[in-house]
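Remarks on the overall topology
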Amino acid sequence: MQRNIKVLVVEPNKLPYEKVIPNRLRDKQQIVDGYIEYVRLLDDDSVVLICNEEGKINGSQYNRDIGYDIIAGTFIIAKDDKDDGEDKSLTDEQIEKYKKRFDQSSIEKTNQKILNIIMHKSAVEL
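Now for a description of the structure that goes with this document.

1. Some thoughts on the nonpolar core
Counting residues in hydrophobic clusters, the biggest one holds 15 residues, and the most contacted among them are L49, I66, I71, F75, I77, Y98 and F102. Mapped onto this core, the elements with two or more residues apiece are β1 (4-10), β3 (36-41), β4 (44-52), β7 (75-80) and α2 (92-101). Looking at this core element by element, the count peaks at three residues for β4. Beyond its immediate stretch of four places on either side in the chain, I71 contacts V39, L49, C51, Y62, N63, R64 and I66.

2. Side note on the pattern of salt bridges
Pairing between side chains becomes possible if they bear opposite charge and their charged atoms approach one another. Inspection of the entire model under this criterion finds 11 salt bridges. Residue K6 pairs with D92 through a salt bridge whose shortest N-O separation is 3.2 Å. Of this pair, K6 sits in strand β1 while D92 sits in helix α2, placing them 86 residues apart in sequence. Exposure remark for K6: the relative accessible area of 23% places this residue in the partly exposed category. For R40, the salt bridge is made with D80, and the minimal N-O distance between the two is 2.5 Å. Residue R40 is found in strand β3, and its partner D80 is found in strand β7; the two are separated by 40 residues along the sequence. Its relative accessible area of 41% is what places R40 among the partly exposed residues.

3. Here we look at the packing of aromatic side chains
Tallied over the entire structure, the rule returns two aromatic pairs. Taken together, a centroid distance of 5.5 Å and an interplanar angle of 75° make the contact between F75 and F102 edge-to-face. One end of the pair, F75, is in strand β7; the other, F102, is in the loop between α2 and α3 (104-125), with 27 residues separating them in the sequence. Accessibility expressed as a relative area gives 0% for F75, which makes it buried. Relative accessible area serves as the criterion here: at 0%, F102 is assigned to the buried category. By the ring-pair criterion, three or more aromatic residues cluster together here, those being F75, Y98 and F102.

Rules used in this analysis
- Residues numbered from 1 in each chain as written.
- Predicted model: local features only at pLDDT ≥ 70, side-chain atom pairs only at ≥ 80, totals over all residues.
- Heavy atoms only, no water.
- Core = buried A, V, L, I, M, F, W, Y, C linked by side-chain atoms within 4.5 Å.
- Buried < 20%, exposed > 50% of the residue type's maximum accessible area, 1.4 Å probe, protein only.
- Helix = DSSP H or I, 4+ residues; strand = E, 2+ residues; numbered from the N terminus.
- Contact = heavy atoms within 4.5 Å.
- Salt bridge = Lys/Arg side-chain N within 4 Å of Asp/Glu carboxyl O.
- Phe/Tyr/Trp six-rings, centres within 6.5 Å; stacked < 30°, edge-to-face > 60°.

Structural data, given as structure tokens:
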């Protein structure tokens, strides 16, 4: 197991940034502010998204739309090693890919989607 791993940290309404973190459960929990949940991205099984499993119910701010869900709270992206099930350091190519995927336009699209959901819910309640 790698003692330290290079990951991307994605906070609500902020651009992703690289960070080297200890590859320990408690350090990941501290970043996401709670118990962790591993989420798969539909288009890339070489990485894993690590988020707070209770983000939506504990009032965490919505962060990014991943296609089939909107993640609430800060999350981490790490390389997923299927051979041993451990989190690994992202490659430089993965870092660039996910910095682009979760860039400013991703923030704007997610906020617009949330606004549309709120507006639709308000219209239905009338």
